[in-house]
Amino acid sequence: MPLPAEFHDLAKRVNNWGRWGADDEIGTLNLLTPEVVREAAATVRTGRRVALALPLRQDGVQTGLIPGRINPLHTMTAINQEPFGPGTVATSDDAVTMGLQAGTHWDGLAHVSHSGRLYNGRPAASVTAHGGATALGIEKAPPIVSRGVLLDVARVRSGAAGQPGRLPAQHAVTPEDLDAAEELAGATVRSGDIVLIRTGQMGHYLAGDRDAYAFPSPGLSIRTPEWFHARDVAAVANDTLTFEIFPPEIDGLWMPVHALHLVEMGMIQGQNWNLEELAAVCAEEGRYVFFLAATAEPFVGGSGSPVAPVAVF
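Keep in mind it's a predicted model, so treat the numbers as computed, not measured.

Enquirer: Before we go on, may I ask you to explain the side chain of Ser305 in this structure?
Expert: Secondary-structure assignment places Ser305 in strand 14 (residues 304-306). Relative accessible area serves as the criterion here: at 0%, Ser305 is assigned to the buried category. A distance of 2.7 Å separates a polar side-chain atom of Ser305 from the backbone nitrogen of Glu297. Excluding residues within four positions of it along the chain, Ser305 makes contact with Leu100, Thr104, His105, Trp106, Ile138, Ala296, Glu297 and Phe299.

Enquirer: Teacher, can you tell me more about the sheet that holds strand 9 (residues 194-198) here?
Expert: The strands making up a sheet associate through hydrogen bonds between their backbones, and the pairing can be parallel or antiparallel. Spatial strand order, 1-15-13-7-9-11-12-4-14: 9 strands in an open sheet with mixed pairing. With one partner strand each, in any of the chains shown, strand 1 (49-51) and strand 14 form the two edges of the open sheet. Going from strand to strand, the sheet's axes swing by 25 degrees on average, the running direction of each strand aside. Direction of pairing for strand 7 (residues 145-152) relative to strand 13 (residues 289-293): antiparallel, over a ladder of 5 bridges. Along strand 13, the bridge assignment pairs Gly148 with Phe290. On top of the sheet, helix 9 (residues 256-265) reaches strand 4 (105-107), strand 11 (235-238) and strand 12 (269-271); it is set at about 140 degrees to strand 12, its chief contact. This element, helix 10 (residues 276-285), spans strand 1, strand 7, strand 9, strand 13 and strand 15 (310-312) of the sheet and lies at about 85 degrees to strand 7.

Enquirer: Just checking my understanding: could you explain unusual backbone geometry for this structure?
Expert: Phi is mostly negative for residues that are not glycine, and the peptide bonds are mostly trans. Of note, the bond from Phe215 into Pro216 is cis; its omega dihedral lies within 30 degrees of zero at -10 degrees. Tracing the backbone through its elements, the reader meets Pro216 in the loop between helix 7 (210-214) and strand 10 (219-220). That bond from Phe246 to Pro247 is cis: its omega, 0 degrees, falls within 30 degrees of zero. For Leu136, which is not a glycine, the phi torsion comes out positive at approximately 65 degrees. Mapped onto the fold, Leu136 is located in the loop between strand 6 (132-133) and strand 7. Under the relative-accessibility criterion, Leu136 is labelled buried at 1%. A positive phi angle, near 70 degrees, is found at Phe243, a position not held by glycine. As for its placement among the helices and strands, Phe243 is situated in the loop between strand 11 and helix 9.

Enquirer: Looking at this model, I keep getting lost on the nonpolar core. Mind explaining?
Expert: Nonpolar side chains tend to gather and get buried jointly when the protein is soluble and globular. In this structure, Trp106, Leu150, Leu196, Phe228, Trp273, Leu278 and Phe290 are the most contacted members of the largest nonpolar core, which totals 71 residues. Among the elements that line this core, the one with the most residues is helix 9, at 6 residues. Of all hydrophobic cores here, the second largest spans 7 residues; its members include Leu54, Val61, Tyr205 and Leu241.

Rules behind the numbers
Residues numbered from 1 in each chain as written. Predicted model: local features only at pLDDT ≥ 70, side-chain atom pairs only at ≥ 80, totals over all residues. Heavy atoms only, no water. Helix = DSSP H or I, 4+ residues; strand = E, 2+ residues; numbered from the N terminus. Buried < 20%, exposed > 50% of the residue type's maximum accessible area, 1.4 Å probe, protein only. Polar contact = N/O pair within 3.5 Å; in protein donor to acceptor, adjacent residues only side chain to side chain. Contact = heavy atoms within 4.5 Å. Pairing = 2+ DSSP bridges. Axes fitted to C-alpha atoms, helices over the stretch in contact; angles between N-to-C directions. Core = buried A, V, L, I, M, F, W, Y, C linked by side-chain atoms within 4.5 Å.

Structure follows, in structure tokens:
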């Protein structure tokens, strides 16, 4: 069905087109200023590091629910070959075929369009079969390092969820949830932050149940983009396959949060981030703010990119 008036009203309220100029291709990553990065670096105290990426493997998170998004197919192209002759140094090489958004990843600004347009008014037709994203490609993203803030909504709402540390599948994360998790974190989300939202859904995948992880799934409500826009968040990621609640909270309105973030705000978003160890470390350390390094792989023309994020305390 056509996008409803409610969606278009929200789109107008969060729209960033032209904010950083008519030629801008990185959206809210403009908020990663040198000052923001310096302040982020100041959060490092102990050097403790937490990896947030899932291992890239053939039996990864993809189940076929999203057509064409295949798990990594790893092939050895050379095994202990001696390219310079017998008795010389031997080498092994390998190759991978995979969906760029198959594992832990960023959705780039060319990943979603609506009404024939991408971020900053660029035509959706600028994504082509041979050139990929001829504008807004993921390679345009600058180094993505900033202050990370974990909003552990699952921990805040675990009493209501019935399963400690995991939101129920029908739960749409609201601005009120984000406020409550921000209070738990004891930190105010501010301009240039990268916000990580834990639902606990990743627990299904880590326990070996890929289908339960994929669908149905808790996720972000259509009401949350205004929350991120008001705080000038640079990027946001969570621990689910679909990012937003799935099936959608409004019948027939598929991927509205994707469209509001990527198209209207120009804000990249991440999925399949493993936030379980991070949540435990944050609780142990008594702080939910850290230095986050999560630079996208610069695939030219890519609509997204695998990423191996690291939180540093």
